[in-house]
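Coordinates in review
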Amino acid sequence: MTRIALTGITRSYLRRAPPALAHVSLAVEPGTLLALLGASGSGKSTLLKLVAGVEAPDQGDIAFDGRSVLPVPAHRRRAALVFQNAYLFPFLSVAGNIAFGLRMQGASRATMQAEVRRMLDLVELPGIERARPAQLSGGEQQRVALARALAIRPRVLLLDEPFSSLDPAVRHTLQEAVRRIQRECGITTLLVTHDRGEALAMADRVALLDRGALLAHETPQRLFARPPTRRAAQLMGVTTCLRGELAAGQLHTSLGVLTVCAAGPAAGPATYAIRPEQMRLAHAPEPNALPVRVLAETFRGEQYEYLVQAGSETIRVHASQPVAAPAYVVLPAEHLFPVCDDAAAPPARSA
Amino acid sequence: MPDATHPPARRAAALLVRMVLGTVLLGPILALLLYASSTHWFFPQLVPAEWTPAPLLRQLGDPRTRAALGASLLTAGITTSIALLLGLPAARVLGLRTFRGRSLVLLVLFLPNIVPPLAIGMGLNVLLLRLGLAGSVAGVVLVHLVPVLPYAILALLGIVARYDEGYELQARTLGARPHQVWLHVALPMLWPGVAVAALFAFLVSWSQYVLTLLVGGGRVITLPILLFAAVAGGNPTSIAGLALLFAAPPVVAIALAVRALATAAGQPARGVP
């Protein structure tokens, strides 16, 4: 099992543009799965290419088990990449694809055959050795790509949005399969994704990347409940951030006074956020309630979504049951949490 | 393969097209065969009175013919190899990268095919004379590369432009060393394009007359040179024999290429649900 440590990674593609990655430091504990979550252009795929060794950072160091791998070329780094496009070699059979890495190392025929069979069992596709890649479905192709990556017994497994081109049902079973295999093999894994649900469901830790900067590195539960900055909160689906003056456990906002209890700055200007499903709509005033006007109601299946206007703010509230003509939105004190402004966050880029 | 999806009218049309194409393509070759295998064929006979492979065999046995065939195969073979070795990297850069001056490079590359070959040949002949390469196979190969290389690059560009370098990236992370990536990934992926380019390059070089004559200076006698000399001589049997020999490699090469490409194209499609 390998520990990955990234220190101060910076990578720029164009001289004048902001760097694709700026001063990213991150550690992945042996045998765990870290999800790199971010929108397109956040630098998450760049980070993966740097770890794989197909690109080199401008600054910073990448170490496996405390030893820098920057001098090690991609083909000797044993960091196997699986892409969104499975990149199965079309001129080889499934067996030929899975054995590719072993063949490059000069493994014997018997070793390759045994390993191919073992890998196909692992990805639950036994007996398809002789099939051609074009005969497989998208999900099967990704399973074969995974088998091919694992066949070289890599030190780290790098997954670059491997599920995003699959339809939801297949994606789900494959996510579960990858998680099971990753645990069985105990292989340190980096998963790049833009899908919040996928990151939360699969990862031991989630690293949130935004425009080349690391915003947060947390357990999924903690990141979901308490994103540390405004931007992180936004990326985790929090749309309500209220700015105000904090004094004696009370936040004085332009909309009204709210009691807060989460530990934040003692006094002075502060921003507090709250998840949409932790607000409540009410008909009568109560503590921490703000008067609102309903702008829109949308049925989302698992929940109803209300768009309400409170003073100058529009607030998105999720409710499990429809609420008839609510007049207030309640922001329970225990669910309000402080967020930093992003200017105070680690240096993102020289804008 | 019986085809149930196409109505009879379409099948009939396809058959007609095949017959017309077949006649146009095979007709001249049949005529050459007739000429080459006849010793006595006088007016008003519709077909030769006597049929014998003897003249054709005699033609093949002629040391001058053999030497010309050898020279042609040698120059076309070397030219093709060099064109592929230079053309593949060039096509990769031109097809997969965008850089300033890319269109200018393309224009310069195709310029020799726009300018009349005689003009190029004259100019190059002066240069090659100074270099001491005029009248040698090396000189002929060099001058053949001028029209051949652009064709090879053009043929390779078609397949390289659709090539995804992700396959090479993938191979590298699976532990393939640079030369292994080239041998085990790039070459198999690009193979159809390389085959077509090789075919084009070989045929363009094979059919050069003016440039070979100018630079070869009568010392490098390739098949076209011999054929033109025979045409001037006016013996229809020997003209036909040489012409058949001259047409054989292109016909065989095209047939092989068509077969190879058809199987290559048919392979991934087979068995798809």
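Quick word on the overall build of chain B
Helix and strand counts for chain B stand at 11 helices and 0 strands. Traced from its N-terminal end to its C-terminal end, chain B shows the element sequence α-α-α-α-α-α-α-α-α-α-α. Dimensions of chain B, computed from the C-alpha atoms along their principal axes, are close to 70 × 65 × 30 Å. Every one of the 273 residues in chain B was classed for burial, and the buried ones make up 36%. When contacts within chain B are restricted to residue pairs at least 6 apart in sequence, those whose partners lie at least 24 apart make up 70%. Of the roughly 15700 Å² of accessible surface on chain B, a fraction of 73% belongs to carbon and sulfur atoms.

Quick notes on the packing of aromatic side chains
Residues and elements named next belong to chain A. The tally for this structure, following the rule as stated, stands at 9 aromatic pairs over all chains. Look at F83 and Y87: their rings are 5.4 Å apart centre to centre, the planes differ by 90 degrees, and that puts the pair in the edge-to-face class. Residue classification places F83 among the buried residues on the basis of a relative accessible area of 8%. Pairing F89 with F91 gives two aromatic rings, centres 5.9 Å apart and planes at 25 degrees, and the pair type is stacked. Looking at F91, the relative accessible area reads 24%, which means it is partly exposed.

So, the layout of surface pockets
Residues and elements named next belong to chain A. Within this model, the second largest pocket holds a volume of roughly 270 Å³. Elements with a contribution of two residues or more to the lining of the second largest pocket: α3 (94-98) and α5 (109-122). When its residues are assigned to classes, the lining of the second largest pocket shows 4 nonpolar, 2 polar and 4 charged.

Considerations on the packing of helix α4 (residues 102-114) of chain B against helix α6 (residues 137-160) of chain B
Residues and elements named next belong to chain B. In the contact formed by α4 and α6, the axes pass within 8 Å of each other and the chain directions differ by 130 degrees. As summarised for this structure, α4 and α6 are arranged oblique, according to the angle between their axes. Crossing of α4 over α6 shows left-handed handedness. On α6, the residues touching L106, L109, F110, P112 and N113 of α4 are V146, P147, P150, Y151, I153, L154 and L157. Its residues assigned to classes, the contact of α4 with α6 shows 11 nonpolar, 1 polar and no charged.

Things to note about the state of the cysteines
All names here are of chain A. In this structure the tally under the stated criterion is 0 disulfides over all chains. As a non-bridged cysteine, C340 has C241 as the owner of its nearest cysteine sulfur, 11 Å distant. With relative accessibility at 40%, the residue C340 sits in the partly exposed group.

Remarks on the pattern of salt bridges
Between side chains of opposite charge, a pair can form when the charged atoms approach closely. Here the structure, examined in full by the defined rule, presents 22 salt bridges over all chains. Between E305(A) and R300(A) there is a salt bridge, with the nearest N and O atoms lying 3.3 Å from each other. Judged by relative accessible area, which is 9%, E305(A) ranks as buried. Accessibility expressed as a relative area gives 45% for R300(A), which makes it partly exposed. One salt bridge connects R92(B) with E168(B), and the closest N-O pair in it is separated by 2.8 Å. Taken together, the residues R92(B) in helix α3 (residues 63-96) and E168(B) in helix α7 (residues 166-173) connect sequence positions 76 residues apart. Classification of R92(B) as buried rests on a relative accessible area of 15%. Residue E168(B) is classed as buried on the basis of its relative accessible area of 13%. Here the residues in one salt-bridge network are E124(A), R143(A), R180(A) and E184(A), joined through shared partners.

A few points about empty space enclosed by the protein
Residues and elements named next belong to chain A. On inspection of all chains with the given rule, the structure shows 1 cavity of 30 Å³ or more. Approximately 50 Å³ is the volume attributed to the largest cavity. Lining the largest cavity, in full, are V82, Q142, R143, L146, L159, P162, F163, L174 and V178. If you list the elements that add at least two residues to the lining of the largest cavity, you get α6 (138-151) and α7 (168-185). Sort the elements by how many residues they give to the lining of the largest cavity and α6 lands first, with 3 residues.

What about the interface of chain A and chain B?
Taken together, the contact between chain A and chain B spans 25 residues of the former and 22 residues of the latter. Counting the contacts that link chain A with chain B gives 0 salt bridges. Taken together, the connections running from chain A to chain B amount to 4 residue pairs in polar contact (both at pLDDT 80 or more). It is helix α4 (residues 100-104) of chain A that provides the largest number of residues to the side of chain A that touches chain B, a total of 4 residues. Taken together, the residues that form the side of chain A that touches chain B break down as 18 nonpolar, 5 polar and 2 charged.

Section: the environment of L244(B)
Counting through the fold element by element, L244(B) comes out in helix α11 (residues 236-269). Taking C-alpha positions, L244(B) is 7.4 Å from L33(B), a pair spaced 211 residues apart along the chain.

Here's the deal with the sheet that holds strand β18 (residues 304-310) of chain A
Residues and elements named next belong to chain A. Strand order across the open sheet formed by 3 strands is β17-β18-β19, with antiparallel pairing between neighbours. Each edge of the open sheet carries a strand with a single partner, namely β17 (293-299) and β19 (313-319). Each strand of the sheet is rotated relative to its neighbour by a mean of 20 degrees, with strand direction disregarded. Where β17 and β18 come together, 6 bridges link them in antiparallel fashion. What sits directly across from V294, in β18, is V308.

Some thoughts on the packing of α5(A) against α6(A)
Residues and elements named next belong to chain A. Where α5 meets α6, the closest approach of the two axes is 9 Å, and the angle between their N-to-C directions is 130 degrees. With respect to α6, the axis of α5 lies oblique. Crossing of α5 against α6: the hand is right-handed. For the pair formed by α5 and α6, the contact residues are E115, M119 and L122 on the first element and A147, L150 and A151 on the second. The class makeup of the residues in the contact of α5 with α6 is 5 nonpolar, no polar and 1 charged.

Remarks on the pairing of β18(A)
Residues and elements named next belong to chain A. Burial runs high along β18: 6 of the 7 residues are buried. What sits between β17 and β18 in their antiparallel hairpin is a turn of 4 residues, with G301 showing a positive phi close to 90 degrees. Two elements, β18 and β19, share 7 bridges in a ladder whose sense is antiparallel. By the bridge assignment for β19, Q309 is matched with T314. In this structure, the hairpin formed by β18 and β19 is closed by a connection of 2 residues, where G311 is found at a positive phi of approximately 60 degrees.

Reading guide: rules and limits
Residues numbered from 1 in each chain as written. Chains lettered and ligands numbered in written order. Predicted model: local features only at pLDDT ≥ 70, side-chain atom pairs only at ≥ 80, totals over all residues. Heavy atoms only, no water. Helix = DSSP H or I, 4+ residues; strand = E, 2+ residues; numbered from the N terminus. Buried < 20%, exposed > 50% of the residue type's maximum accessible area, 1.4 Å probe, protein only. Contact = heavy atoms within 4.5 Å. Areas by Shrake-Rupley, 256 points an atom, 1.4 Å probe, with all protein chains shown as cover. Phe/Tyr/Trp six-rings, centres within 6.5 Å; stacked < 30°, edge-to-face > 60°. 1 Å grid on protein atoms, 1.4 Å probe; cavity = no way out; pocket = protein on both sides within 12 Å on 5 of 7 lines; lining within 4 Å. Points joined across faces, edges and corners; volume = space filled by probe spheres on them. Nonpolar A, V, L, I, M, F, W, Y, C, P; charged D, E, K, R; others polar. Axes fitted to C-alpha atoms, helices over the stretch in contact; angles between N-to-C directions. Parallel < 35°, antiparallel > 145°, perpendicular 65-115°, else oblique. Left-handed = near helix turned anticlockwise from the far one by under 90°. Disulfide = S-S within 2.5 Å. Salt bridge = Lys/Arg side-chain N within 4 Å of Asp/Glu carboxyl O. Polar contact = N/O pair within 3.5 Å; in protein donor to acceptor, adjacent residues only side chain to side chain. Pairing = 2+ DSSP bridges.

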